[in-house]
Amino acid sequence: MFTKELLFLATVVGFATAKVPDYIHVCGAKNPHIDECIIKSVEALAPKLRNGIPEFDIPPTDPLSIGTIKLTDMPNIQATGSDIKLHGLDTYHIDFLHMDLEKQTLDVVLRCDKIQMDASYSVTAKILVPISGEGPINLRANNVLVKVHMKYSIIERNGNKYMYFSSMKTQLDVKDFTAKFEASNFDKTLQEAISQALGSSHQEILETTKPSLERFISEMCLDSANKICKHFTFDELFPDRE
């Protein structure tokens, strides 16, 4: 779950000094400690990402709107979340980062201290009798691990070389989470039954939601990273110096 903090991971290094905002640190391609330099740059961007960066068409990351995803799809209970908002994405820390300029890859491991998801859910279930309802849902997860692998290529446009990110793979590692469900159109007995059914289905919810969240994060980050990179040539992104 989580973050647009990943959007700048492949674009914050080596911007030409004349074009770089003061909140972006510059890292040369020959810097022997380029990975460490990029890590410091990305971590310094957290406050800006939280509030959004209009000049790069980056919206605020807190909250981050996702849309609609399947929460669980079991024989006795099905639930869908909509109007999803993610909070706490700015709590990330970088455990690992490596930019390989020869293989044209970027590998990152992020850890988020606390992620909260607020959404509206609709549920249909067969507990005693077929029932359906909707209401707010709140999910909280701590210590969420995000592993990212990105590939890019160098393309030419108007005689200049630009970086283009062609693919991204995201893996989320969520050990567990707490969940709170409400349903105003159920009586107390049915509310408790629905809450118990959903609340005891953490593994099923994780297995159902993770693929959708991972695809959403990858598509979002690829689109935003390429929007940023089109404004800078490859030489501006990676100046030939330390």
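Residues numbered from 1 in each chain as written. Predicted model: local features only at pLDDT ≥ 70, side-chain atom pairs only at ≥ 80, totals over all residues. Heavy atoms only, no water.

All right, on to the overall build of the protein then. Broken down by element type, the protein carries 5 helices and 8 strands. Within the protein, buried positions represent 48% of all 242 residues. Of the contacts formed within the protein by residues at least 6 apart in sequence, a portion of 69% connects residues at least 24 apart. (Helix = DSSP H or I, 4+ residues; strand = E, 2+ residues; numbered from the N terminus. Buried < 20%, exposed > 50% of the residue type's maximum accessible area, 1.4 Å probe, protein only. Contact = heavy atoms within 4.5 Å.)

Turning our eyes to something else, we now look at the pairing of strand S2 (residues 69-73). Direction of pairing for S2 relative to strand S3 (residues 77-87): antiparallel, over a ladder of 4 bridges. Looking across to S3, one finds that Asp73 is bridged to Gln78. (Pairing = 2+ DSSP bridges.)

If you trace the backbone, Asn226 turns up in helix H4 (residues 202-229). Judged by relative accessible area, which is 16%, Asn226 ranks as buried. A distance of 2.8 Å separates a polar side-chain atom of Asn226 from the backbone nitrogen of Phe165. If sequence neighbours within four positions are ignored, Asn226 has contacts with Met163, Tyr164 and Phe165. (Polar contact = N/O pair within 3.5 Å; in protein donor to acceptor, adjacent residues only side chain to side chain.)

Quick look at the environment of Cys37 now. Relative to the elements of secondary structure, Cys37 occurs in helix H1 (residues 34-44). Taking the relative accessible area as the measure of exposure, Cys37 reaches 16% and is therefore buried. Considering only alpha carbons, one finds Cys37 and Val26, 11 residues apart in sequence, at a separation of 8.1 Å. Look past the residues within four positions of Cys37 in its chain and what remains in contact with it is Val26, Cys27 and Asn31.

Bringing unusual backbone geometry into the picture now. Backbone geometry places Gln104, a non-glycine residue, at a positive phi of 60°. The exposure class assigned to Gln104 is partly exposed, which follows from its relative accessible area of 24%. Within the chain, Asn158 stands out as a residue other than glycine whose phi angle is a positive 55°. Its place among the elements puts Asn158 in the loop between strand S6 (130-157) and strand S7 (160-173).

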